[in-house]
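Below, each chain spelled out in residue letters.
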Amino acid sequence: MQEVFHLIAQVAKSNANVLLLGESGTGKELVANAIHYNSLRAGKPLIKVNCAALPANLVEAELFGYERGAFTGATRSKEGKFELANGGTVFLDEIGSLAMDAQGKLLRVLQEKEVERLGGTRTRKVNIRLIAASNKDLAKEVERGNFREDLFYRLNVYPIYLPPLREREADILLLADYFLEKYAREYSKDIRRISTPAIDAFMQYHWPGNVRELENCIERAVLLCEEQVIHTCHLPPTLQTARDTGTVQSQSLKEAVERFEMDLIIDALKNTRGNMRQAAKALGTTERIFGYKVKKYNINPKQYR
Ligand SMILES: Nc1ncnc2c1ncn2[C@@H]1O[C@H](COP(=O)(O)OP(=O)(O)O)[C@@H](O)[C@H]1O
Ligand SMILES: [Mg+2]
């Protein structure tokens, strides 16, 4: 993370486009904020668009804007996010989900520094800095033919990789204390510390949802805790099993298989942003069976949105 901070400091004041890579919940959006608010554009807008949150045609309308009559329902013209962000920064989250058509248009914005609204003929000059983020390996997406190579090279000028939380053991402790203080204050509770077994559980857990999951976990524990110390009983069941089955030798076959199954389910949910239908499909099972397992393992799909 020190390396990440160094990279942020180094690039912030320049106008270079930045590509943030890393699993969901590792802090990419936080880094995007840090870059923008430490840049010379800090007084200008930072406009965020999540490319995975909207259907392809709506993403284009959002990004590039449209003229009246461009499509059914376009009863008036609307400026796009690039126009709105003029002088400032655009944060494109989950850029790996951007459709091919939109990728071509984005490349044009980056190269020519101009946008054309959907259904429009006029081009408008825009001065924006782009910060893009992806939890997919974009180089692999290029190989698979899902992402334009030329756009990838344009974006990949200054990549910053955020390591997953499970590879940042010291951060687990620091962040746990930080969130404990934050939520204890927020909920006006006098909670002083986290018990050693609970800390052990944190260290052994693999944190598929990264910092976001840790934050949720601490918030929940603070809400449940009626004393001055957070114990394992205040942690979600997934973490309690992480501690109980920490050493591989002590696992029975059934436990090991269940743990593996749970990991697969969580990974699938992570990849589909908590969409149960898609996750079930990805694992080649039915929604019904998937739903049953999610309940069985006490998994909260909303956590991965
Ligand atoms: N180093 C950190 N310190 C404090 N909070 C963090 C840190 N990294 C991430 N978070 C918090 O974790 C959550 C997820 O971070 P976010 O930037 O949205 O991740 P991503 O964009 O990679 O999914 C947010 O609530 C964010 O504030
Ligand atoms: Mg995010």
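Residues numbered from 1 in each chain as written. Chains lettered and ligands numbered in written order. Predicted model: local features only at pLDDT ≥ 70, side-chain atom pairs only at ≥ 80, totals over all residues. Heavy atoms only, no water.

## Points about the overall build of the protein
Next up, step 1: For the protein, the helix and strand inventory stands at 14 helices and 11 strands.
Next up, step 2: If you line up the protein on its principal axes, its C-alpha atoms span 65 × 45 × 35 Å.
Next up, step 3: Taking all 305 residues of the protein together, 47% fall into the buried category.
Next up, step 4: Excluding contacts between residues fewer than 6 apart, the proportion of contacts in the protein whose partners are at least 24 apart in sequence is 71%. (Helix = DSSP H or I, 4+ residues; strand = E, 2+ residues; numbered from the N terminus. Buried < 20%, exposed > 50% of the residue type's maximum accessible area, 1.4 Å probe, protein only. Contact = heavy atoms within 4.5 Å.)

## Here's the deal with empty space enclosed by the protein
Gaps left between atoms are located by rolling a probe of water-molecule size over the structure's atoms.
Next up, step 1: Taken as a whole and assessed by the stated rule, the structure comprises one cavity of 30 Å³ or more.
Next up, step 2: By volume, the largest cavity is sized at about 40 Å³. (1 Å grid on protein atoms, 1.4 Å probe; cavity = no way out; pocket = protein on both sides within 12 Å on 5 of 7 lines; lining within 4 Å. Points joined across faces, edges and corners; volume = space filled by probe spheres on them.)

## A short note on the domain arrangement of the protein
Next up, step 1: According to the domain assignment, the protein consists of domain 1 (2-161), domain 2 (173-244) and domain 3 (245-305).
Next up, step 2: Taken together, the four residues of domain 1 in the interface contact five residues of domain 2.
Next up, step 3: Here domain 1 meets domain 2 over a buried area of about 320 Å², counting both sides, of which 30% is carbon and sulfur.
Next up, step 4: Where domain 1 meets domain 2, there are zero salt bridges.
Next up, step 5: For the interface between domain 1 and domain 2, the tally reads five residue pairs in polar contact (both at pLDDT 80 or more).
Next up, step 6: A breakdown of the residues in the side of domain 1 that touches domain 2 according to their chemical character gives no nonpolar, three polar and one charged. (Domains from an automatic or database assignment. Buried area = accessible area lost by both parts, 1.4 Å probe. Salt bridge = Lys/Arg side-chain N within 4 Å of Asp/Glu carboxyl O. Polar contact = N/O pair within 3.5 Å; in protein donor to acceptor, adjacent residues only side chain to side chain. Nonpolar A, V, L, I, M, F, W, Y, C, P; charged D, E, K, R; others polar.)

## Concerning the pairing of strand β8 (residues 129-134)
Next up, step 1: Buried residues dominate β8, accounting for six of its six residues.
Next up, step 2: Alternating positions in β8 separate into two faces, Arg129, Ile131 and Ala133 on one and Leu130, Ala132 and Ser134 on the other, with burial throughout.
Next up, step 3: Judged from the four bridges that link them, strand β1 (residues 18-21) and β8 form a sheet pairing that is parallel. Along β8, the bridge assignment pairs leucine 21 with serine 134.
Next up, step 4: As defined by bridge partners, strand β5 (residues 89-93) adjoins β8 across four bridges and the pair is classed as parallel. In the strand pairing of β8, threonine 89 is matched with arginine 129. (Pairing = 2+ DSSP bridges.)

## Digging into the layout of surface pockets
Next up, step 1: Its volume calculated, the largest pocket comes out at about 800 Å³.
Next up, step 2: If one sorts the elements of the lining of the largest pocket by residue count, helix α8 (residues 169-186) sits on top with six residues.
Next up, step 3: The two domains that each donate at least three residues to the lining of the largest pocket are domain 1 (2-161) and domain 2 (173-244).
Next up, step 4: When its volume is computed, the second largest pocket comes out at roughly 380 Å³.
Next up, step 5: Around the second largest pocket, the lining comprises 13 residues; the ones closest to its centre are Lys136, Lys270, Asn271, Thr272 and Arg273.
Next up, step 6: For the lining of the second largest pocket, the residue count by class is one nonpolar, seven polar and five charged.
Next up, step 7: Among the domains, domain 1 (2-161) and domain 3 (245-305) are the pair contributing at least three residues each to the lining of the second largest pocket.

## Points about helix α10 (residues 210-224)
Next up, step 1: Its 15 residues place the ends of α10 21 Å apart at the C-alpha level, agreeing with the 21 Å of an ideal helix rising 1.5 Å per residue.
Next up, step 2: Those residues of α10 lying buried are Asn210, Val211, Glu213, Leu214, Glu215, Cys217, Ile218, Ala221 and Val222. (Expected span 1.5 Å × (residues − 1).)

## Regarding the site of ligand 1
Next up, step 1: Near ligand 1 you find 14 residues, and of these Gly25, Lys28, Glu29, Arg212 and Glu215 are the closest.
Next up, step 2: Here glutamate 215 contributes a side-chain N or O atom positioned 2.9 Å from an oxygen atom of ligand 1.
Next up, step 3: Protein contact buries 77% of the 560 Å² of open area that ligand 1 shows by itself.
Next up, step 4: Put simply, ligand 1 lies in the largest pocket.
Next up, step 5: Going through the elements one at a time, α2 (28-37), α8 and α10 are the ones with two or more residues in the shell around ligand 1.
Next up, step 6: Residue composition of the shell around ligand 1, grouped by class: five nonpolar, four polar and five charged.
Next up, step 7: The residue makeup of the shell around ligand 1 includes at least three contributed by each of domain 1 (2-161) and domain 2 (173-244). (Near = heavy atom within 4 Å. Areas by Shrake-Rupley, 256 points an atom, 1.4 Å probe, with all protein chains shown as cover. Sits in = over half its atoms within 2 Å of the grid points.)

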